[in-house]
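Coordinates in review
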Amino acid sequence: MKVFLAKSDGETLVDHTLNLLENSKILYQIYPKIELKANLLELACIYHDLGKINHKFQTKVRQNQSTILGEIPHGLLSTAFIPTKELISRKYSNTEISVLAYSVAYHHERELSGLENENFVNEIEALKQDVMEFPFSRLGLESLTVRKLSSKYFKFKSILRARDDEEKYHLYVMLKGLLNRVDYAASAHSQVEYPPNFLDEKLEELHFQWNSLQEYMRAHQDLNMVAVAQTGMGKTEAGLLWIGNNKGFFTLPLRTAINAIYSRIYSTIVKEKQENRVGLLHADIYQEYTKLKDLEIPVEEYETKTRQWCLPLTVCTIDQIFDFVYRYAGYESKLATLSYSKIVIDEIQMYSADLLAYLLVGLRYIHQYGGKFAILTATLPPFILDLLKRQGIPFAAPEKPFIDAALSIRHAMEVVESAIQIEPILAQYQKNKVLVICNTVKQAKIIFEELSAKLNLGEVHLLHSQFIKQDRAKKEEMIFDFGQKECDESGIWVTTQVVEASLDIDFDILFTELSDLNGLFQRMGRCYRKRLWTEEVGTNVYVFNGGDKACSGVKYVVDKQLFENSKTCLKQQDGPLSEEKKMHLVEETYTTEKMKNTEYYQKVIDNMDYLDLSSEGEESKKNVKKIFRNIHNRTIIPNPVYQEKIDEIERLLIVLKERSKLKQTDDEKKIWQKKRKDARYKISQFTVEIPEYTIKDDSIVQTIEINKYKKIEILNCDYSFDSGITYKKGQKEIESNIF
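Residues numbered from 1 in each chain as written. Predicted model: local features only at pLDDT ≥ 70, side-chain atom pairs only at ≥ 80, totals over all residues. Heavy atoms only, no water.

So, about the overall build of the protein. Counting secondary structure elements, the protein contains 29 helices and 19 strands. For the protein, whose C-alpha radius of gyration is 28 Å, the value lies close to the compact-globule estimate of 27 Å for 739 residues. Along the longest, intermediate and shortest principal axes, the C-alpha atoms of the protein span 90 × 60 × 50 Å. Going through the 739 residues of the protein one by one, you find that 59% of them count as buried. For the protein, contacts bridging at least 24 residues in sequence account for 78% of all contacts bridging at least 6. Averaged over its 99 positive side-chain charges, the protein has a centre that lies 4 Å from the centre of its 106 negative ones. (Helix = DSSP H or I, 4+ residues; strand = E, 2+ residues; numbered from the N terminus. Rg over C-alpha atoms; globule rule 2.2 N^0.38 Å. Buried < 20%, exposed > 50% of the residue type's maximum accessible area, 1.4 Å probe, protein only. Contact = heavy atoms within 4.5 Å. Lys, Arg positive; Asp, Glu negative; His and termini not counted. Charge placed at Lys NZ, Arg CZ, Asp CG, Glu CD.)

Turning next to the state of the cysteines. Applying the stated rule across the entire model yields 0 disulfides. As a non-bridged cysteine, Cys438 has Cys551 as the owner of its nearest cysteine sulfur, 9.5 Å distant. A relative accessible area of 0% means that Cys438 is categorised as buried. Under the relative-accessibility criterion, Cys551 is labelled buried at 7%. (Disulfide = S-S within 2.5 Å.)

Along its 18 residues, helix α1 (residues 13-30) runs 26 Å from first to last C-alpha, staying within 8% of the 26 Å computed at 1.5 Å per residue. Within α1, 13 of the 18 residues are buried, which leaves it mostly tucked inside the rest of the structure. (Expected span 1.5 Å × (residues − 1).)

Moving on to empty space enclosed by the protein. Applying the stated criterion across every chain yields a total of 3 cavities of 30 Å³ or more. Quantified by volume, the largest cavity comes out at close to 80 Å³. Lining of the largest cavity is provided by Gln230, Thr231, Ala378, Thr379, Arg410, Phe521, Gln522, Glu579, Lys582 and Met583. For the lining of the largest cavity, the secondary-structure elements that each account for two or more residues are α22 (517-524) and α24 (579-589). A total of 3 residues in the lining of the largest cavity trace back to one element, the largest contributor, which is α24. Along the lines of polarity and charge, the residues of the lining of the largest cavity split into 3 nonpolar, 4 polar and 3 charged. Of the volumes computed, that of the second largest cavity is approximately 50 Å³. If you trace the second largest cavity, you find it lined by Pro73, His74, Gly75, Leu76, Ala105, Tyr106, His108, Arg110 and Leu112. Per-element accounting of the lining of the second largest cavity gives the leading share, 3 residues, to helix α4 (residues 74-78). Split into classes, the residues belonging to the lining of the second largest cavity amount to 5 nonpolar, 3 polar and 1 charged. (1 Å grid on protein atoms, 1.4 Å probe; cavity = no way out; pocket = protein on both sides within 12 Å on 5 of 7 lines; lining within 4 Å. Points joined across faces, edges and corners; volume = space filled by probe spheres on them. Nonpolar A, V, L, I, M, F, W, Y, C, P; charged D, E, K, R; others polar.)

Turning our eyes to something else, we now look at the sheet that holds strand β17 (residues 711-715). Read across the open sheet, the 4 strands follow the order β15-β14-β17-β16; overall the sheet is mixed. Strands with a single pairing partner mark the edges of an open sheet, and in this sheet they are β15 (688-691) and β16 (700-705). The mean inter-strand angle of the sheet, taken between neighbouring strand axes irrespective of direction, is 45°. Both strand β14 (residues 633-638) and β15 contribute to a ladder of 4 bridges, which runs antiparallel. (Pairing = 2+ DSSP bridges. Axes fitted to C-alpha atoms, helices over the stretch in contact; angles between N-to-C directions.)

Attention now goes to the sheet that holds strand β2 (residues 247-251). Taken together, the 6 strands give an open sheet; going across it, the order is β1-β6-β5-β2-β4-β3, and neighbouring strands pair in parallel fashion. The open sheet has two edge strands with one neighbour each: β1 (225-228) and β3 (278-281). Here the strands of the sheet are splayed against their neighbours by 15° on average, with no regard to which way each runs. Sheet topology note: the β1/strand β6 (residues 372-377) ladder contains 4 bridges and is parallel. The residue of β6 that forms the bridge with Val228 is Thr377. Contacting β1 and β6, helix α10 (residues 212-219) runs over the sheet at an angle of about 175° to β1.

This paragraph deals with the domain arrangement of the protein. One frequently used descriptor of interface size is the decrease in accessible area upon assembly of the parts. One can read the domain layout of the protein as domain 1 (13-188), domain 2 (198-391), domain 3 (411-577) and domain 4 (631-727). Placing the centre of domain 1 and that of domain 4 at their C-alpha centroids yields a distance of 40 Å. (Domains from an automatic or database assignment.)

Once that is clear, we can look at the UniProt feature "domain: HD Cas3-type" (unreviewed entry) in the protein. UniProt annotation of "domain: HD Cas3-type" (unreviewed entry) refers to residues 6-185 when read in the numbering used here. Across residues 6-185 one finds 52% helix and 0% strand; the C-alpha atoms that close the span lie 14 Å apart. (UniProt positions renumbered as here; feature names shortened; annotations may be inferred.)

We now examine unusual backbone geometry. One non-glycine residue, Lys91, adopts positive backbone phi at about 75°. Position of Lys91 among the secondary structure elements: in the loop between α5 (84-89) and α6 (94-105).

This brings us to the side chain of Ser24. Structurally, Ser24 can be placed in helix α1. In this structure Ser24 touches Leu41, Glu42, Cys45 and Val182, once residues within four positions along its chain are discounted.

Now for the pattern of salt bridges. Counted under the stated rule, the structure contains 43 salt bridges. With a shortest N-O distance of 3.0 Å, Lys52 and Asp49 are connected by a salt bridge. No difference in accessibility class separates Lys52 from Asp49, as the two residues are buried. Linked by salt bridges that have partners in common, Glu109, Lys176 and Glu332 make up one network. (Salt bridge = Lys/Arg side-chain N within 4 Å of Asp/Glu carboxyl O.)

Structure follows, in C-alpha cells:
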C-alpha cells in the first residue's frame, strides 16, 4: 500500500492526524469547560492536513525540498475534503462549517498573493486521483468526495474579519487557535497540556499562615481581581492562591525578578515533576534551564513544552503573551489558550505607556473570550482603574489596600534639593548595604566611577542594561545574593531601574534620583523590605530631586509632567513615611484629571485607539515583536569582547554553517540541532542590545553572519566587567530602559 507522508522525517499522514486527535482528547479531558465544541475541533484535526495527499507535496517531502513549482498550500487543498452535506445532516450550522473551512485552510500562515484560482481548481481535480490509495478508514472515514467548497463556506484567498461578523470571528479564533495548539504539540511529539492539579496542594504543604491579602485572593478565585498591597506582603503566594488548580500565567515587568520567582516556585513550592508543571518564559530561558541540576528530561524538551504553553503554570514577561493584541497572522493560538487561563499581572504601574495600553486592550480580549486576570500591585494609580472601566472590563477590588500592621512604617525619607552626588552616600555608607538608583545608565556610571575613586576595590558594584549577557547574568546573581538577609557583607550597588520592582532584595539605605512617585515607592521596596523602621534607624531613604533642574532622564525615560507632579507632592514629606501614606500620595497624584495632560497618558490613549482601529493581519509577527517591546535596538558584540573571544566565536560559527545531511536518523538530527543551538546560545552570551541612535556607521568595525537572516555587528567601544560598555568620544551615551 502506498505510504502518504506528513513530514520529511518519515511520519505518515495517518499517524500525525491520529496524534492530533489524541492531543485534542487530552485537551478536553484536562479542560472540559473550554468554550468550543470538542467535536468541531476533532473535525478540524481530521481534515486539516488531508491536502498533503497532493502528489506535489508528497514529492516535496520525499525529496526533502522546501518548495516545489506550482504547489498549492496544503491547507487550502484540505478544504476540498470537508463533507458539507454530511455535516449539515449531523446538525452543524453553516457558520460552523464555514469556520471549520477557514480554520483548516489557514492553519498555516502562507503568502497567497501569487496564487491563481485556476491553479487551485486544477490541483483539486488532480487530488481526485491522488486520494485513490489513501487509507481513509484508519481515520474513521469512508472514502470522501473531493470537490471545491461552495463559496457559501469558503472563498479562495478571502479571510474572516471581526468587523464583518463578530460572533463568527470569535468561533474562528477558538477553533483555529486550538487546532494550532494540538498541531504544534503533535509535530513536536509532545502533549498539548499537562494537568493543573497540584498547586492548591503544594501551597498547603508550605503550612504557612496566610495573611489577609492571601486569604482574600484565595476566596475570590472566580473573579477578575485588582488588589493593592504593600511590598513584602507575599503577592507571589497571593497570586498563586488565586490561580489555584487552573492554568495560569504569572507576569512581571523585569526579567531579573521573573528568574527569581520562577526559581523560588521551582525549588520551594512545586518541588517535584516540575518539567510537567511549571515553566519560565522569556527570550533567554535556555540559559536558565541549563542551570537546573535535577531536570529529568533534556533541556530542549523542557524548553519546547514551555514555549508551546503546554505547562499548567508559566512565569513570564508580558511580551510573551500580550503581543496578540496586534492580531498578527497566527495570533489565535494565544487568545484561544488564554480563554481557559488565569493571568496575574504584577506591578502594572511599572509599564511604559505603550505596554500599559497593550495590557489594557489585552485584558479586554481575555475577558471577552472567558479568561480571568488579577492585578496585584504595591501602588495603583487611580487612572488605571478608570482605563479598565473605559475598556468595559468588570473586576472586583477590596475596599482598602492590604497593609502589614507589623511593618506599617519601613522608611524615613529625606528629600535632597540637588542633583545626586556621592558625598552623602560616602557619609552614610559606614559598612552598610547601600543601594543607589539612577534614572539613566550615563548617570549611574558617573556615580559609580566617583565612588570607586574613593573606596576600596570590590566595595562598589554597577548594574545596568549595557553589559553583555553573560556578565549581566552574573551581576544579577551577585546583587540578589548580596541583598539577602543571610549575607553579612557590606558594600554599595549603583544601578538603574533594572532592580526597581519585584526583586526580593533588602538593603539598609537607599539613595535615589527622583523619577516619579510610583517609581520612587518601588525603589523603596528594595530597602528595609521586611524590617520595621524605628527612630534608631534614622533616615534610610534619600531622594535627590535635582534642585532647580530636572534629574537625569526626565523627558526621555521619565515623563516631565509626572516628574514635576511628583516633585511637588514630595514637598514637606520628610521624615517617617507610612505605607498608608504612600498609597494616599499615589491616589492624589495619579488621578485621571491630573494625568490627562501628561504625554504618558496621551500615549496610552493613542495606542489603545490605534489597536482598536487596526485590522487582523495588518502587522507580521516579526514586526509585532519589535513594536510591542518598543525595540529599536541592534544586537552588537563590544570589540574588546570580540577580540578576546575571537577563536571561540570562529569555532562556533563553523558549527552554525554545518548543513544537515539529507539522510539522518532522528538521533543524528537531534544531535545536529543541539550543537547548533548550543553554538547560537554561546555566541549570544557575548552580545548586548543597544539603541539604534547610539550607533554611528563608522563605529561598526565588522559584521559576523549567524545565518542568512541574522547578523551581529562588532561595535568599536570600550568594555569591562565593572562598567559595561563605554562609548568612544563622539558616540551618544544611552538612556536606560526598563528591559
